[in-house]
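# Descriptive structure summary
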Amino acid sequence: MEFSCVRIAQRNLARSKKRSDPAVDLEDRNILVKDADIWNGKGFARGSIFIQEGRINRIARSIIDTGVETIDAAGFKALPGFIDVHVHLRDMELAYKEDFATGTAAAAAGGFTTVLDMPNTVPPTDSARRVIEKQKVAAQKTHVNVGFHAAAVSDSHDVESLAGAGAFSLKLYMPKPIVPFDVENDQAIQKMMRAAGDAGMPVTVHAEDVDAPKNTSQGEGFEEAAEARPPIFETRAVDRLLRIQKKAGCNVHYCHLTLRSSLMKINASTKSTSEVTPHHLLLSKQLLSSLGWRAWMVPPLRSEETRRSLLKSTLAGLSSVIASDHAPHTIKEKNQSASRSPPGVPGLETTLPLMLTLVNRQQMSISLLVKLLSENPARIFGFKSKAKLQKGADGDVVLVDLKKKSKIDSSRFFSKAKFSPFDEFKTQGAVHSTIVGGKVVYREGEIVTREGSGSVLHSGFSG
Ligand code: DOR
Ligand code: ZN
Ligand code: ZN
């Protein structure tokens, strides 16, 4: 099949529908997905999806003769596009680690049609001007829908303008604030949370109460480095932030939690949502002795017992979201002593195959998978027309071959970070193709769109 390579003008879904050549763009966003098993929110029903001008126009048992590009999806499951709310796409001055093109190619290959980028870049995403700058650069390069988190800042006017620029959250990175921020000061956090709440924007937090420098292990191994950031750091930070959040009254999304107790507390608190990662669900710290830097991230891997209880709790429905925390670095940077090795592992291309493997083992239902990777992310970050396959929704669809067996092989990643703690893992369930806004972006191992065919998303918070 021929894939059109016309240059497509950028879209801004939330704000405007301006295109430099609307006719070409719209035509390019018509597709018929034929004879798939379509997820309807409860189960699968065989049928076809007609996407017109980037939106789902019709779903029916049989749709014929639409005169548009057709994709034969017999034997595949059609699921709503997955949304990864926690990725580090880097770019700008850290483009040597990853850029918007490679990071979003990795997203498409992993079944993610929408991603939200973290602000700890160079320069950091800490002002409306820098949000807009990233949006502009990303518009030329992205393959999927991409939006931006901003750094937590102390000035309430800056919070307002970040919301106005379309940032999706204020990210508070407790161990080492992205921009100067008095993380020790409850009042400062409360003020920032209140300003975010006033602007209608959630706060996202890396909740780890690291009391540096006594816990930084100079030159020691990765196991020691992990021991130096024990679970109590998370407990302390979560307890403290929940207390502050209650006073501030804003929405807080707790990133990459590792403890069942954190999930329980967050469940008991209104306006709080929880996120877990595949690595904390599936790997434990014993692996650090053999995998070293390949399995080094923060928060670090936990004991096998802690991991099991996190997985069990997530499978029981206690987590709101699964996110990859895709955190690419070069192998040269990673392959150093623990004190020098930057934490973080790529995850965009491993998350879905790993979770589909849990589905095949009947540990996770499709319904829970869709909740954790699409519905809840959409609800929390305000994507009203995503996460559902129905008339009028955005044409973001992933076709999955649930039976396909493969092995994780980081050398084949689209990400620049060609390593993974999951290398050699056997998986069952793979992405066949990824459709973003009615356009096939990824198909059977290949990216088939030009850079810049995806959209930049604005939060639409009032500011
Ligand atoms: O492992 C991590 N890597 N944890 C973080 O919080 C930051 C991230 C990164 O940016 O590399
Ligand atoms: Zn983090
Ligand atoms: Zn992160």
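Above this text is the structure in question.
Below or above, wherever it landed, is the structure these notes cover. (Residues numbered from 1 in each chain as written. Chains lettered and ligands numbered in written order. Predicted model: local features only at pLDDT ≥ 70, side-chain atom pairs only at ≥ 80, totals over all residues. Heavy atoms only, no water.)

## Notes on the environment of Leu116
Just so we agree on the cut-off: For helices the rule is a DSSP run of H or I covering at least 4 residues; for strands it is a run of E covering at least 2, with both sets numbered from the N terminus onward.
With respect to the element layout, Leu116 can be found in strand 7 (residues 112–117). As for Leu116 and Ser269, which are separated by 153 residues in sequence, their C-alpha atoms are 24 Å apart.

## Points about the coordination of the zinc ion (ligand 3)
Selection rule: Coordinating donors are taken as N, O and S atoms within 2.8 Å of the metal, stretched to 3.2 Å for Na, K and Ca; because water is absent from the atoms, sites can appear incomplete. Each residue is placed in one exposure class: buried if its accessible area under a 1.4 Å probe, protein chains only, is under 20% of its type's maximum, exposed if it is over 50%, and partly exposed if it falls in between.
For the zinc ion (ligand 3), the protein coordination sphere consists of His86 (NE2), His88 (NE2) and Asp325 (OD), at 2.0 to 2.2 Å. As a motif over one chain, the donors of the zinc ion (ligand 3) read H-x1-H-x236-D. Here the zinc ion (ligand 3) and the zinc ion (ligand 2) are spaced 3.7 Å apart. No difference in accessibility class separates His86 from His88, as the two residues are buried.

## Let's talk about the pattern of salt bridges
Where we set the bar: Salt-bridge detection follows one rule: a side-chain nitrogen of Lys or Arg within 4 Å of a carboxyl oxygen of Asp or Glu.
Scanning the entire structure with this criterion turns up 22 salt bridges. The salt bridge partner of Asp91 is Lys141, with a shortest N-O separation of 3.0 Å. Residue Asp91 is located in the loop between strand 6 (82–87) and helix 2 (100–109), and its partner Lys141 is located in helix 3 (residues 128–141); the two are separated by 50 residues in the primary sequence. Assessed through its relative accessible area of 3%, Asp91 is described here as buried. The salt bridge involving Asp186 is made with Arg240; its shortest N-O contact spans 2.7 Å. Within this pair, whereas Asp186 is found in helix 5 (residues 186–198), its partner Arg240 is found in helix 7 (residues 231–248), the two being separated by 54 residues in sequence. Take Asp186: its relative accessible area is 28%, and that puts it in the partly exposed class. Judged by its relative accessible area of 11%, Arg240 is buried.

## Observations regarding the site of ligand 1
Put simply, the test is: We call a residue near a given molecule or strand whenever any one of its heavy atoms falls within 4 Å of it. Definition of a polar contact: a pair of N or O atoms within 3.5 Å, with one able to donate and the other able to accept a hydrogen when the atoms are protein atoms, and with sequence-neighbouring residues admitted only if both atoms are side-chain atoms. To measure how exposed things are, a 1.4 Å probe is used in the Shrake-Rupley method; for residues, cover is taken only from the protein chains shown. Note on residue classes: Ala, Val, Leu, Ile, Met, Phe, Trp, Tyr, Cys and Pro are nonpolar, Asp, Glu, Lys and Arg are charged, and everything else, Gly too, is polar.
With respect to spatial proximity, the complete set of residues near ligand 1 consists of His88, Arg90, Asn120, Tyr173, His206, Met297, Val298, Ala327, His329, Pro343 and Gly344. One nitrogen or oxygen atom from the side chain of His329 is found 2.9 Å from an oxygen atom belonging to ligand 1. Contact distances for ligand 1 include 3.2 Å between an oxygen atom and a backbone N or O atom of Gly344. The fraction of the free accessible surface of ligand 1 (290 Å²) that becomes covered by protein chains is 95%. Along the lines of polarity and charge, the residues of the shell around ligand 1 split into 5 nonpolar, 5 polar and 1 charged.

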